[in-house]
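Working through the structure, step by step
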Amino acid sequence: MTVRVRIAPSPTGNLHIGTARTAVFNWLFARHHGGEFILRIEDTDLERSRPEYTENILEGLRWLGLNWDEGPFFQSQRLDLYKEAVEKLLDQGLAYRCYTTSEELDALREAQKARGEAPRYDNRHRNLTPEQRAAFEAEGRSSVIRFKIEDGREIVWNDLVRGKMSWRGSDLGGDMVIARASEEGTGQPLYNFVVVVDDIDMKITHVIRGEDHIANTAKQILLYEALGAKIPEFAHSPLILNKEGRKLSKRDGVTSISDFKQMGFTAEGLVNYMTLLGWSPPDSTQEIFTLEIAAKEFSFERVNKAGAKFDWDKLDWLNSQYIHNTPVDKLTDLLIPYWEAAGYKIDGGRTRPWLEQLVTLISASLTRLADAVSQSQLFFSDTVEFSDEASQQLKQEGSAAVLKEIVTALENQQPLSETAAQEIIKQVVKEQKVKKGLVMRSLRAALTGDVHGPDLIQSWLLLNQIGLDKLRLTKAVAEAS
């Protein structure tokens, strides 16, 4: 048997981290078994589905490296297949037309609520005679299609994460609507039904999804049986929780993969972290690994039943490890879009070699790629504003004289080398008879507008290459005077 799994997002919103983590588990399981990973877009909710959400989902999966083997398949293009399956169940007497109005359903629910009962359909139209159906249709009533669920039936399956699971038919809310009402006879089929039809048609062997689908599984098993299909194995992974232990939602801030990307998380760091949300490798000390390495070790025996709490600190740490180990040329490619989005102009002498020198300078201090915007701002601005500490430093006795002499020394040093920069500092210390600390602090304040920052000499060299060091030193002299 070839393992075949699927991820089936709905394009009613951007790719959510919960859906992406489910995709990760499906991908890992398929690759571990040499199987196939199928992408299906569940776009039957025509009112809420948007093409831009579909594109966001496809782009997000590609960015994460979750390449699929088949698809994408779109449910909106498969309606004839679903309607054919509905007719099959009707012909076999396993489904029926229900003419109950919305007002009658509301009254039923209110009566059940008054009696303290759980809401459920009472199957009142399960055994209508042809004459009764004709009378309802003569009234102008349209009909939904309901699938028969016997209250006494016990539905049991062995969940790959949770072990033996058991539901009674009486807990499933009565006969299930599998297709909406329509003037044409059979309306649009609904989620629980089309999922089963698709999984049968695509020969899905394992259904891997979040635990919030467990109740659906019992209904779907009955549908597999009714359609005469082999029932796949099921694995229900734990939900991703916020710090309060509730399901992660939009109220917690960022939840879509595109938002994580915009915030500066690398694809490798994010997918590594998602792998650890609910699964632990055999070597508990190993935390950093690629998808390919994780696939070799992945099994549902090591997937937790309990919810996985989202930990921003852990994600940041993992992300920083990938950034710090990314080659300079590749990291430069990753950072350029963030600089451009911030309005920084990659010109004025800022050549590719210059950019790579800048990346070398700041890379060790980056936690997220977006951090490069603030940490490199001083290299993309013609001037800098002096912090209070920098202004105080520039007003220190001797600071103005030190900076004037550095400006003079620069006249004979174009371009500036690291050796020449060190020699200028030594010369100024000697000529001005001051401590080296004063020279270094004054130089940093003048060049960067602050008293803290990246390596001073390397920062000076970068600014010198684009002709900004003398401009800033001259401005600082005026500030110090």
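Because the structure is predicted, anything quoted here is derived from the model rather than measured.

In this section: helix 2 (residues 51-64). In a regular helix each residue adds 1.5 Å, so 14 residues correspond to 20 Å; helix 2 covers 20 Å between its end C-alpha atoms and thus fits that length. On its buried face, helix 2 is in contact with helix 1 (17-32), strand 2 (36-41), strand 3 (70-74), helix 8 (257-263), helix 9 (267-275) and helix 10 (291-297). Note on helix 2: the residue one or two positions beyond its end, Gly65, has a positive phi of about 85°.

Evaluated as defined, the whole model comprises 30 salt bridges. The closest approach of N and O atoms between Asp122 and Arg124, which form a salt bridge, is 3.1 Å. Judged by its relative accessible area of 37%, Asp122 falls in the partly exposed class. Here Arg124 falls in the partly exposed class, since its relative accessible area comes to 35%. As a salt-bridge pair, Arg352 and Asp333 come within 2.8 Å of each other at their nearest N and O atoms. Taken as a pair, Arg352 in helix 13 (residues 352-362) and Asp333 in helix 12 (residues 328-341) lie far apart in primary sequence, 19 residues in all. Each of the salt bridges in this network shares a partner with another, and the network as a whole consists of Arg6, Arg40, Glu42, Arg78, Asp198, Asp199 and Asp201.

Turning our attention to the packing of aromatic side chains. Evaluation of the coordinates by the stated rule reveals 16 aromatic pairs. When the ring of Trp279 is compared with that of Phe289, the centres are 6.0 Å apart and the planes differ by 80°; the resulting orientation is edge-to-face. One end of the pair, Trp279, is in the loop between helix 9 and helix 10; the other, Phe289, is in the loop between helix 9 and helix 10, and ten residues separate them in sequence. Neither residue differs from the other here; Trp279 and Phe289 are each classed as buried. Plain terms: the ring middles of Trp339 and Phe380 are 5.4 Å apart, the flat faces sit at 45° to each other, and that makes the pair tilted. With Trp339 in helix 12 and Phe380 in helix 15 (residues 377-380), the pair connects residues that are 41 residues apart, well separated along the chain. As far as the burial class goes, Trp339 and Phe380 line up, both buried.

Here strand 1 (residues 4-7) shows no split at all, with Arg4 and Arg6 on one side and Val5 and Ile7 on the other all buried. One crossover worth recording links strand 1 to the parallel strand 2 by way of helix 1, and it is right-handed.

On to the nonpolar core. Grouped together as the largest cluster of nonpolar side chains are 54 residues, with contacts concentrated most on Trp339, Phe379, Ile406, Trp460 and Leu473. Per-element tally for this core: the top contributor is helix 17 (residues 399-410), with seven residues. When sequence neighbours within four positions are dropped, the list of residues in contact with Phe379 reads Arg350, Trp354, Leu358, Leu361, Pro454, Ser459, Leu462, Leu463 and Ile466. Core analysis: the second largest hydrophobic core is formed by 48 residues, Ala20, Leu61, Leu64 and Phe300 among them.

How each quantity is defined
- Residues numbered from 1 in each chain as written.
- Predicted model: local features only at pLDDT ≥ 70, side-chain atom pairs only at ≥ 80, totals over all residues.
- Heavy atoms only, no water.
- Helix = DSSP H or I, 4+ residues; strand = E, 2+ residues; numbered from the N terminus.
- Expected span 1.5 Å × (residues − 1).
- Contact = heavy atoms within 4.5 Å.
- Salt bridge = Lys/Arg side-chain N within 4 Å of Asp/Glu carboxyl O.
- Buried < 20%, exposed > 50% of the residue type's maximum accessible area, 1.4 Å probe, protein only.
- Phe/Tyr/Trp six-rings, centres within 6.5 Å; stacked < 30°, edge-to-face > 60°.
- Right-handed = clockwise from strand over helix to strand, strands pointing away.
- Core = buried A, V, L, I, M, F, W, Y, C linked by side-chain atoms within 4.5 Å.

As far as function goes, none of this settles anything; it's purely spatial.
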